[in-house]
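Architecture at a glance
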Amino acid sequence: MAIGANWNGARGFTATSGPGISLMSEFLGLAYFAEIPLVVFNVQRGGPSTGMPTRTQQSDVLACAYASHGDTKHVLLFPADPKDCFDFSAKAFDLADQLQTPVFVVSDLDMGMNDWVCEKFEWDDTVSYNKGKVLDYEALEKIESFGRYLDSDNDGICYRTYPGTHPEKGAYFTRGTSHDEYARYTEDGNINAQTLTRLMRKFRTATDLVPEPIIEINGEDSCGVIYYGSSKPAVLEAKDILKTKNINLDLMQIRSFPFNLDVWEFIANHDRIYVVEQNRDSQMRTLIMAEGGISAEILRPLVHFTGDPIEASYIVNKISEREVNYKSHKNIKER
Amino acid sequence: MSFKKPINHHPRLEVNQLGLTRRDYEGAISTLCAGCGHDSISACIIEACFQLNIEAYKVAKLSGIGCSSKAPAYFLNQSHGFNSVHGRMPSVATGANCANGDLLYLGISGDGDSASIGIGQFIHAIRRQINMVYFVENNGTYGLTKGQFSATNDLESKNKYGEDNLFKPIDLASMAIQLGASYVARSFSGDRDQLIPLIKGAIQHKGFALLDIISPCVTFNNHDTSTKSYDYIRNHNEAVGKTDFVPLGEEITTSYASGSSVEVNLHDGSKISLEKVNSKFDPTDQGKSLSYIREKSEEGKLLTGLLYFDENSNDLHETLNLTKKPLNQLTQQELCPGEEILKEINKGLS
C-alpha cells in the first residue's frame, strides 16, 4: 500500500518489526529496483521467527540492509532515543524522495515501548520538504522525450513523474523486471548490468546525504567502541565507569547505512574496536566488515541478546576483562 | 522485449469527442501467444475507453505477475503502468487509489494471481470497496509456467497432458458478491458484444467492479477435455441477458419487449440496461444472484453478464472521508502541523 501511495506521489510509510520485514521482502526488492520511495519503521524485537515479541534486540540489521533477493542494498537510519526517532522520521521521508528508494528507520522495542527521558521534540518551520527529482507539467513541456531511468545528473538518481501529470509525456511502465532507461522490458544483460551499476552509484550518492556518525575521542591509548541505537545510554555510562579504571574509550555512534568516510577514518585510527550490539551474531560488525573490507581482528564483538536492554555494567565487565587480557597478551585473538 | 507499433495510420480513422482514434488508445505490440484471450480483452478495453472518451493519462494500469499481468503494456500507452509482485496488485492499487482518487484505476490480474497467491489481497480490496475496475483474465491455468492447474480450474477438467484436476474451483464472481463487491460481471473474451458494455459500465461505476472474464489459454488449456477452452465456453455459456451500456443523457434504444428489461443507474447518471431472462434472477439481489449462479453451474452452464449490482455503494474514499485533493498536490502548509502545534503537544506531555 505504501509503495502504491509513493508511486502516486504521496508520502507513504509503514511501521513493522522483523517478521514484517521478512514477509514484505519481495516488495522491498521491487521498490529498490523500480526506484519507488518508501519509508519503513522497524521496531526490532527478539528474533528469530516469532522469537520474543515482547522483548528487545537489534537483530534485524542485516535483514534490513540487504532485504530481498538479488543484489539489493537499502538506506538505514539508526535512532538512539525517541528524539532521534522523531527527527529521523522526517529525515527518512526526504531521503526516500531524494533517493527514490526504501529508507528504514531501524528502532527497537526498548525505544518503541519503554518510557525514555529525552530532549524535547522540535520542528523547524523554515525547513521545506525535499520531494526529490520530479518532473511536473511545465518541466515535461520543455523536454523532448522522457526516460524514467536516464541518469542525466550522473548521481544515479533519475527523474520521475506522477501519474496523471501530462496528456502526452511522462507516462512510463513501472516494473520489477529488467528494464532499460525508458522503462521498457529488456533481456539485454549489459543493460541490466548498467542499471545495477547505476543503483550502486545512487547508493554512493546516499553516503553524502545520510546522518554522519557522532564521534568522541578521549586520548591516545584509547580503544574504540562502535555502538548504535538504544545501546547509547549504557555505552555512555560504561565509558565514565571505565575511565575511573583507567580504561579510556573512543566512541563512534553509527547513525546510518551506507557508512560515510568518517566511519572508515575512525576504524583506521584504532587497532581494536569493540562493537556493542544487542544481537548474537554481531550484525553491524559483519556489515562493516563486508562493506569496508575491515579485518575481523580489529572489530571485536561485544554482544548482548537476552532480550532485556543492555546495561552499562555488562559493557564495563566485558571491556575491562578483555582489556586486561589485551594488555597482558598483546596478540590474543578474540573468539 | 517490448515492441512499439508504427505511428502511421489511415488518415480517415474514426475519432471520438477528444479527437482521438482507437490507435491512440493502443499499447505496445503484444508478446502473448497468437490467439490468447487476453489480447481480445485488451482490445475491448481499448474500445471501451475510446467510446467513453477517457483521457488515457488519467488512467493508472496496475497488475501482478503472470501472462495477464503483462497485458497492461498492450493498451493505453499514455497511462502510467505498474507491474507489481505476484498476487499483490490489490495492495498497491489501494495505496495508489488513496493517494489520488482522480485517476481511473484498471487492475489487470489472472486466476493464478487472484485465486491463489493473492486471494487475501483480492478479498480485502473488495471488502474496502476500492474504486477500481478489477479484471480477472481467467484461463484456469498457469500459462507462464507451462500449464499447471490453477484454483479456478473445474473439477472435471483435464490438463494438456491428460491429468485430472482433483480440486473444486473457486468461483471469484460468487465470492466477490458475497464479500460485497458493488459491481460483479462475468464474461468471455470471445464475446466482444457482451464484454464492451460490461467494461464501460464498470468504468463508470463508483466502487469495486469485478470483471471475471474467461479467457482461454490457447497454448496450455484449449484442448477437448478442458472446461476453459474456446469451444467449451461457447457451448456452455448462458448469458443472463443482453447487456447495454447507455451513456449519460441518451435514450435507451434497446429492443427488449416492454416489461422485460431492468435498468440500473450508474453514479454518473449513465445507465446499464439488461434483458430480463428469468424471474429467478435479479442483479440487485445478492441472494438471488448467488443461487442462480449456483443453479446454472450445477447444470454445467457458465452464467455470464452483469451478475450483481449495488447502486448505493460507498467507495473507500467516502468510507474513510479522505481529502478530495490528491495527496501529491497537497502543500506543506496543508500537510505539516508545524512548531506551534508541536509545542502544544509537548505541553500536554509535561
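For the structure itself, consult the block above.
In this report, the structure presented in the accompanying data block is examined. (Residues numbered from 1 in each chain as written. Chains lettered and ligands numbered in written order. Predicted model: local features only at pLDDT ≥ 70, side-chain atom pairs only at ≥ 80, totals over all residues.)

**Focus on the overall build of chain B**
Counting secondary structure elements, chain B contains twelve helices and 13 strands. Taken against the 2.2 N^0.38 rule, which gives 20 Å for 350 residues, the C-alpha radius of gyration of chain B at 21 Å falls within 12% of a compact globule. Referenced to the eigenvectors of the C-alpha coordinate spread, the extents of chain B come out at roughly 75 × 50 × 50 Å. Within chain B, the fraction of its 350 residues that count as buried is 50%. (Helix = DSSP H or I, 4+ residues; strand = E, 2+ residues; numbered from the N terminus. Rg over C-alpha atoms; globule rule 2.2 N^0.38 Å. Buried ≥ 20, exposed ≤ 12 C-beta atoms within 10 Å, placed from the backbone.)

**Considerations on the overall build of chain A**
The secondary structure content of chain A amounts to twelve helices and twelve strands. With the principal axes as the frame, chain A shows a C-alpha extent of 75 × 40 × 40 Å. When burial is assessed residue by residue, chain A has 46% of its 335 residues classed as buried.

**Some thoughts on the sheet that holds strand β11 (residues 273–277) of chain A**
Residues and elements named next belong to chain A. Strand order across the open sheet formed by five strands is β7-β9-β8-β11-β12, with mixed pairing between neighbours. Each of the sheet's edge strands pairs with one partner strand only, and the pair in question is β7 (214–216) and β12 (299–303). Strand-to-strand twist of the sheet, defined as the mean angle between neighbouring strand axes without regard to direction, takes the value 20°. (Pairing = 2+ DSSP bridges. Axes fitted to C-alpha atoms, helices over the stretch in contact; angles between N-to-C directions.)

**Digging into the nonpolar core**
The nonpolar side chains of soluble globular proteins are, as a tendency, buried together. Among the nonpolar cores identified, the biggest contains 166 residues, and Leu77(A), Tyr134(B), Val184(B), Ile199(B), Leu210(B), Leu211(B) and Leu307(B) are the most heavily contacted of them. The element that contributes the greatest number of residues to this core is helix α1 (residues 37–51) of chain B, accounting for eight residues. With near-sequence residues (within four places) excluded, Leu210(B) lies in contact with Tyr134(B), Leu172(B), Ala173(B), Ala176(B), Ala181(B), Tyr183(B) and Val184(B). (Core = buried A, V, L, I, M, F, W, Y, C linked by C-beta atoms within 7 Å. Contact = placed C-beta atoms within 7 Å.)

**Concerning the environment of Ser291(B)**
Within the secondary structure, Ser291(B) is located in helix α9 (residues 286–298). Accessibility expressed as a C-beta count within 10 Å gives 14 for Ser291(B), which makes it partly exposed.

**Quick notes on the interface of chain B and chain A**
On the side of chain A, 35 residues touch chain B, which itself brings 34 residues to the contact. Broken down by secondary-structure element, the contributors of at least two residues to the side of chain B that touches chain A are β2 (80–83), α3 (89–99) and α12 (338–349) of chain B. The greatest single-element share of the side of chain B that touches chain A, amounting to eight residues, is contributed by α3(B). Pairing analysis gives three bridges linking strand β6 (residues 173–175) of chain A to β2(B), with the strands arranged parallel. Opposite Phe173(A), over in β2(B), you have Gly81(B) as the bridge partner.

**A word on the environment of Gly4(A)**
All names here are of chain A. Along the chain, Gly4 falls in helix α1 (residues 2–7). The exposure class of Gly4 is buried, given the 27 C-beta atoms found within 10 Å. Here the alpha-carbon distance between Gly4 and Leu38, two residues 34 residues apart in the chain, equals 9.5 Å.

**Looking at the pairing of strand β1 (residues 59–63) of chain B**
Residue and element names in this part refer to chain B. Across the five residues that make up β1, a large majority, five, are buried. Alternating positions in β1 separate into two faces, Val59, Lys61 and Ser63 on one and Ala60 and Leu62 on the other, with burial throughout. Note that β1 and strand β3 (residues 104–110) share five bridges and pair parallel. Across the sheet, the residue bridging to Ala60 is Tyr105, located in β3. Sheet topology note: the β1/β2 ladder contains four bridges and is parallel. Bridge pairing in β2 links Leu62 to Phe82.

**Observations concerning helix α12 (residues 312–328) of chain A**
Side chains that are three or four residues apart share a direction in an α-helix, a result of its 3.6 residues per turn. Residue and element names in this part refer to chain A. Between its first and last C-alpha, α12 extends 24 Å over 17 residues, near the 24 Å set by a 1.5 Å rise per residue. Listed as buried for α12 are Ile315, Val316 and Ile319. On an axial view of α12, the arc spanned by its buried residues comes to 95°, and they lie on one face. Of the exposed residues in α12, the ones pointing more than 90 degrees away from its buried face are Ser313, Asn317, Glu321, Val324, Asn325 and Ser328. Check the buried side of α12 and you find it contacts α9 (232–244), β11 and β12. (Expected span 1.5 Å × (residues − 1). Arc of directions from axis to C-beta.)

**Some words on the sheet that holds strand β9 (residues 237–239) of chain B**
Strand order in the open sheet formed by nine strands is β6(A)-β2(B)-β1(B)-β3(B)-β4(B)-β8(B)-β7(B)-β13(B)-β9(B), and the pairing between neighbours is mixed. Because the sheet does not close on itself, it has two edges, and the strands there are β6 of chain A together with β9 of chain B. With strand direction ignored, the average angle separating the axes of adjacent strands in the sheet is 20°. Here β3(B) runs beside strand β4 (residues 132–138) of chain B; their pairing, made up of five bridges, is parallel. Pairing of Gly110(B) across the sheet is with Glu137(B), part of β4(B). With respect to the sheet, α9(B) is in contact with β9 and β13 (302–309) of chain B, its orientation differing from that of β13(B) by roughly 175°.

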